[in-house]
Structure formats: structure tokens, C-alpha cells
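# Examination of the molecular architecture
As a plain string of letters, each chain reads:
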Amino acid sequence: MKYRTLGKTGLNVSVVGLGGIPVQRITPEKTRELLERLVQLGVNFIDTARGYTVSEEYLGAALEGMRDKFYLATKSMSRDYEHMAADVETSLSNLRTDHIDLYQLHNIKTQADFELAFSDKGAVAALKDAVKAGKVRHIGATAHSVDALAELLRHPEIETVMFPYNIVENQGEALFAQAKLQNVGVIVMKPMAGGSIEDGTLAMRYIFQNENCTVAIPGMAELAEAEENAAAAGIEGPLTEDELARIETIREQLSGRG
């Protein structure tokens, strides 16, 4: 497994992390098996969210006795102080931990979102207080539009950004480079383009070539998925001519669907 520093957080994270959405589809017991295998593979980063139904609860149960093996990230759609503070407490309870390594504003997008979240009575103020209290260690945010990503990079409180990036969605590349200059960690969501890319190894290899990306978080529920993604991280060298040709084929096929 390879590791990169997650921007100004200083966290040394594996380039492959666990995206927690599919955990909703399995059981706490299967979640435990998955985490045990991830430890063996060297994966040390987990991302989940308040909005992923039982994901936090299942992960919290599965992490018993293994909390020190992972950096734990979650996120909330709350934009005001009161609701974000409450969500932090809920996440701590669900995840059965006394601290969360990275708490993120989830899918921030409108100007109203930004104005409220970054106001004196906003969600960021709640997260700052949670950091002071030792409940949260670092603050990040997720976005889906380039405009929102650019706006996030104007706020020094934001230590990490999460954004879609894959073979067919590369609109964030220039801003990833800007994030790197600002020492902001980049977490890649949707590495398989929402399941449209079937070659998981190639999809992950494409992302790893971009040094401005810190960690990719494919959704994983099966041991085989974890093994494939981790193996991709272990392949040395740049993309081959064959891989580059396959990437172009995938782009042509998926762009044709539109």
C-alpha cells in the first residue's frame, strides 16, 4: 500500500480508502470482516456520513478494538451551528469513538449554503468548537460542482476537499493542483463513475497517477473489491500504452451514452 499526506491535516493516509455507502447493504458482521481485511491490506482511511442510513452504526460496531487502525471521516448536511453540533454528537455515538479525525460539510453547493455555513452561527463554527473540545481533529468539505470547489478553496478553515474524479470526469483537475499548492488534501469520490467503469484496477490506476489526489474512496462491501483496489495501489510505474488506449475507449463508450 502507498501512503500520502492528507494536506495540512498531516495525516498519513493510504491512497485507497473505504467509501462507506455500500456498508448500508451488508451486516455489522460482514462490515467487521471487511475492516479486518482492510487492515491486512494496509488501508487506514474510512469515509462515511450521517446521511448513509446505518453506515455509521455498522462501522462503529465493526471498529470495536480496531479504532486505532483507521483515520475516521464522516460528514453532515447541516449548515447551522445547532444542527451541526448535534450531528457531531450523533456521529461520535454511532461510531463509538471519542474523536473523529475529519468532519466534513457534506455536498455544499449554493451561495446560501456558504453564507450560513461560514457565518458566526454556522456549521463551521460548530466544527471549530468541536476541534477545541477534542471531538473533531480536522475540518473538510465535499462538493460536486467546480464553482463550489473553487469557493471552498477560498476558506482557510477547510483542510480537505472531496470531489468526483475518474476517467470520464476530470473537471476538477486544475483545482486539485490549486489545492495542492494550498496544502489542502484531495479526497476522490466516485472513482468508478458511479459504477459505469467496470475495470476497477484501471480506474484506480488512473487516479493514482495524479499526485494532486491524496486518497480515493471507492465504495466497498465485498472482500474481493477491497483486494482489487488495494492491488491496484501496488502496481508500480506510469500507465502503459495499453492502459492509455483502454482509457480512451472507456471515454468514448461512456460519452456516447450521453
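### Topic: the sheet that holds strand β9 (residues 185-189)
As summarised here, the arrangement of the eight strands in space is β3-β4-β5-β6-β7-β8-β9-β10, forming an open sheet in which the pairing is parallel. The open sheet has two edge strands, β3 (18-19) and β10 (215-216), and neither has a second partner. Looking at chain direction, β3 and strand β4 (residues 45-47) are connected through two bridges and run parallel. Paired with G19 across the bridge in β4 is D47. Across the sheet, helix α5 (residues 123-132) touches β6 (100-105) and β7 (136-142), and the angle it forms with β7 is around 155°.

### A short note on the packing of aromatic side chains
Taken as a whole and judged by the stated rule, the model has four aromatic pairs. Geometrically, the ring pair formed by F114 and F118 is stacked, given 6.0 Å between the ring centres and 10° between the ring planes. Geometrically, the ring pair formed by F163 and F176 is edge-to-face, given 6.2 Å between the ring centres and 85° between the ring planes. Of the two residues, F163 sits in strand β8 (residues 160-164) while F176 sits in helix α7 (residues 173-181), which places them 13 residues apart along the sequence. The exposure class assigned to F163 is buried, which follows from its relative accessible area of 0%. The class of F176 is buried, set by a relative accessible area of 0%. The rings of F163, Y165, F176 and Y206 are connected pair by pair, giving a single aromatic cluster.

### Remarks on the nonpolar core
In a soluble, globular protein the nonpolar side chains are often hidden away together inside. By size, the foremost hydrophobic cluster in this structure holds 71 residues, and its most contacted members are L35, L38, L105, F118 and L152. Among the elements that line this core, the one with the most residues is helix α8 (residues 200-208), at six residues. With residues up to four places along the chain from it excluded, the contact list for F118 reads L105, I108, V124, L152, H155, E157 and I158. Formed by 11 residues, the second largest nonpolar core is a distinct cluster that contains L11, V13, A73 and I217.

### Considerations on the side chain of R205
Its place among the elements puts R205 in helix α8. Among the polar contacts listed, one links the side chain of R205 to the backbone oxygen of P238, at a separation of 3.1 Å. In contact with R205, other than residues within four places in its own chain, are A232, I235, E236, G237, P238, L239, T240 and E243.

### Considering the pairing of β6
Here is the key point about a regular strand: its side chains alternate between the two faces of the sheet. Among the six residues of β6, six are classified as buried, and the element is accordingly described as predominantly covered. When strand β5 (residues 71-76) meets β6, the two strands line up parallel, connected through four bridges. Looking across to β6, one finds that K75 is bridged to Q104. Of the crossover connections in this fold, the one passing from β5 over helix α3 (residues 81-95) to the parallel β6 is right-handed. Pairing geometry for β6 and β7, over five bridges, is parallel. Opposite L105, over in β7, you have A141 as the bridge partner.

Rules behind the numbers
Residues numbered from 1 in each chain as written. Predicted model: local features only at pLDDT ≥ 70, side-chain atom pairs only at ≥ 80, totals over all residues. Heavy atoms only, no water. Pairing = 2+ DSSP bridges. Helix = DSSP H or I, 4+ residues; strand = E, 2+ residues; numbered from the N terminus. Contact = heavy atoms within 4.5 Å. Axes fitted to C-alpha atoms, helices over the stretch in contact; angles between N-to-C directions. Phe/Tyr/Trp six-rings, centres within 6.5 Å; stacked < 30°, edge-to-face > 60°. Buried < 20%, exposed > 50% of the residue type's maximum accessible area, 1.4 Å probe, protein only. Core = buried A, V, L, I, M, F, W, Y, C linked by side-chain atoms within 4.5 Å. Polar contact = N/O pair within 3.5 Å; in protein donor to acceptor, adjacent residues only side chain to side chain. Right-handed = clockwise from strand over helix to strand, strands pointing away.

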